[in-house]
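Geometric and topological summary
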Amino acid sequence: MNGTNRTNGKGQEAQEHVLYVHFGEGHTPEGYPGLLELIAGITPVVQALPPDAALADVGGALRYFNRTAIELAGVIRVRALALHGVDCTVGVAANPMLARMAAHTGPPGQVRAVPGNPADVAAFLDRKPVAALHGVGPATARALSAYGLDTVGRVAAASPATLQRVLGATAARRVHDRARGIDPSPVVPSAPTRSVSAEHRFGRDELDPDRRRRALLTLADELGFRMRVDSQVARALTLTVRYADRSTTTRTRVLPEPTAHTPELTATAYALHNALGLQRARVRALALRAEDLTAAELASHQLSLDPGEEKARQAEAAADRARIRYGTGAAYPAGRLDVA
């Protein structure tokens, strides 16, 4: 695979020029901006995908560096490991969807490419489950599977009329294109949204869901306190679970309204954790990241007629004052892990 021009699913010339970079072992939220700057040293077209990935379009850098996209991906891997101690997995393809899928196919810590010609793209996608297509959620996958369209190859071979009856016109066109490896979405240069994060590493591989919930309470309390001190609120919360085999799972949920209230952050963290169905998973670490921060004074807040909620917020404010004056151990929620 040498990054030469080929044709895409529409018969036009295509070239492997999009990289999906996933930051694996050694990555920390604090080091994320530095890793984005590293990629920006190769190409200015970098789209941040916090908390642990980025897209890059190296089309303009191929001639400048006189290297293929696969070779540039290797350069990024070497520099990230040497300068930041982070082992990256990089997918290389002609569009963002295929690059994502290439990165997630196989073990971490490699460069994997999907050649741009239609035959190779079709072979890469053929037997993958339809849920593997980026943008196809569980509900759409279930609807397609109910009609026997459970693999990408079968969806690509289905008639547009059949897909339209199952999904509707707009969704059918989008899914049919993606099943044939067509993704017109560009790499849009962006900086990561403002965020704040906290992580808890267990002393041993943790199997107990109750201790994991206590850790989530501890992290949510820490994030809430830090945001309230800075007069900020978050619009979304991201949970990252790191397992004993060093793999990770990341899930994000938009909050009902911007908040820094610990009970609301904790409830969302619990919901994200429960949705993973970890059961007897061996968990090494948990991290919470409050995303899309904004000034508290600029955020709207739904007024509540519940006097209990107002009392809870007043108690939280009093506890914050005690913690600012006497230290973080002066007041904290019952059930919090001892992290001293």
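The structure we're discussing is the one just above.
My aim in this report is to walk through the structure given alongside it, one point at a time. (Residues numbered from 1 in each chain as written. Predicted model: local features only at pLDDT ≥ 70, side-chain atom pairs only at ≥ 80, totals over all residues. Heavy atoms only, no water.)

1. A few points about the nonpolar core
Among the nonpolar cores identified, the biggest contains 31 residues, and L125, L133, L144 and V155 are the most heavily contacted of them. Contributions of two or more residues to this core are made by β3 (18-23), β5 (53-57), α4 (96-103), α5 (118-125), α6 (138-145), α7 (152-157), α8 (160-167) and α9 (169-179). Ranked by the residues each element gives to this core, the list is headed by α4, at six residues. In contact with L125, not counting residues within four places along its chain, are L98, M101, L133, V152, G153, R178, A179, R180 and G181. (Core = buried A, V, L, I, M, F, W, Y, C linked by side-chain atoms within 4.5 Å. Buried < 20%, exposed > 50% of the residue type's maximum accessible area, 1.4 Å probe, protein only. Helix = DSSP H or I, 4+ residues; strand = E, 2+ residues; numbered from the N terminus. Contact = heavy atoms within 4.5 Å.)

2. A word on the sheet that holds strand β4 (residues 46-49)
Spatially, β4-β5-β3-β6-β7 is the arrangement adopted by the five strands of the open sheet, whose pairing is mixed. In the strand order of this sheet, the two ends are held by β4 and β7 (111-113), each with one partner. Mean inter-strand twist for the sheet, computed between neighbouring axes without regard to direction, equals 15 degrees. Bridge count for strand β6 (residues 88-93) against β7 is three bridges, and the pairing is parallel. Of the residues in β7, the one forming a bridge with V90 is V111. Here α4 sits on the sheet and contacts β3, β4, β5, β6 and β7; the angle it forms with β6, its principal contact strand, is near 140 degrees. (Pairing = 2+ DSSP bridges. Axes fitted to C-alpha atoms, helices over the stretch in contact; angles between N-to-C directions.)

3. Regarding the environment of I182
Looking at the element boundaries, I182 is found in the loop between α9 and β8 (196-206). Residues I182 and P209 lie 27 residues apart in sequence; the distance between their C-alpha atoms is 41 Å.

4. Some details on the pairing of strand β9 (residues 232-243)
In summary, the side chains of a regular strand alternate between the two faces of the sheet. Most of β9 is tucked away: 11 of the 12 residues are buried. Relative to strand β12 (residues 294-295), β9 runs antiparallel, the two being bridged by two bridges. Bridging from a neighbouring strand, Q232 pairs with A295 of β12. Where β9 hands over to strand β10 (residues 248-259), the hairpin turn is made up of four residues, of which R246 adopts a positive phi near 75 degrees. Where β9 lies against strand β11 (residues 283-291), eight bridges are found, and the strand directions are antiparallel.

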